[in-house]
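A closer look at the structure
So you can see what is in the structure, the chains are spelled out below.
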Amino acid sequence: MPKIIIKPRAGGRSAQLVRSVYSKDLRRSVTVNVGSISASIELANLRAGIRLAQGQTLNANDVEKIRRWLATHSTVGGLYAKNNR
């Protein structure tokens, strides 16, 4: 399964979770929406705060990557504060 990519949205209050998947029909990679997260999620309650698109799943490595991203970019001391100075 391709790695998850975290794309911050404008305003810094949330981020989109996507994967870049190769399409044999199109002969190129396409971006697949996996879900979204809020930058204000509590790390202790991470699983409940992730909104997944229908039919999408996350493995342990994906959740750990999201956890690391939130530790750096959460609204408590990160992304929102940097974008709204």
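Now for a look at the structure at hand. (Residues numbered from 1 in each chain as written. Predicted model: local features only at pLDDT ≥ 70, side-chain atom pairs only at ≥ 80, totals over all residues. Heavy atoms only, no water.)

Before going further, it helps to spend a moment on unusual backbone geometry. Positioned with a positive phi, Arg-27 is a non-glycine residue whose angle comes to about 60°. Among the secondary structure elements, Arg-27 is positioned in the loop between β2 (14-23) and β3 (28-38). (Helix = DSSP H or I, 4+ residues; strand = E, 2+ residues; numbered from the N terminus.)

Right, let's talk about the nonpolar core for a bit. In this structure, Leu-17, Ile-37, Leu-46, Ile-50, Leu-58, Ile-66 and Leu-70 are the most contacted members of the largest nonpolar core, which totals 14 residues. Breaking this core down by element, the ones donating at least two residues are β1 (4-8), β2, β3 and α2 (60-73). Per element, the largest residue contribution to this core is 4 residues, and it comes from α2. When near neighbours in sequence (up to four residues on either side) are disregarded, Leu-70 contacts Ile-37, Ser-38, Ala-39, Ile-41, Leu-43 and Leu-46. (Core = buried A, V, L, I, M, F, W, Y, C linked by side-chain atoms within 4.5 Å. Buried < 20%, exposed > 50% of the residue type's maximum accessible area, 1.4 Å probe, protein only. Contact = heavy atoms within 4.5 Å.)

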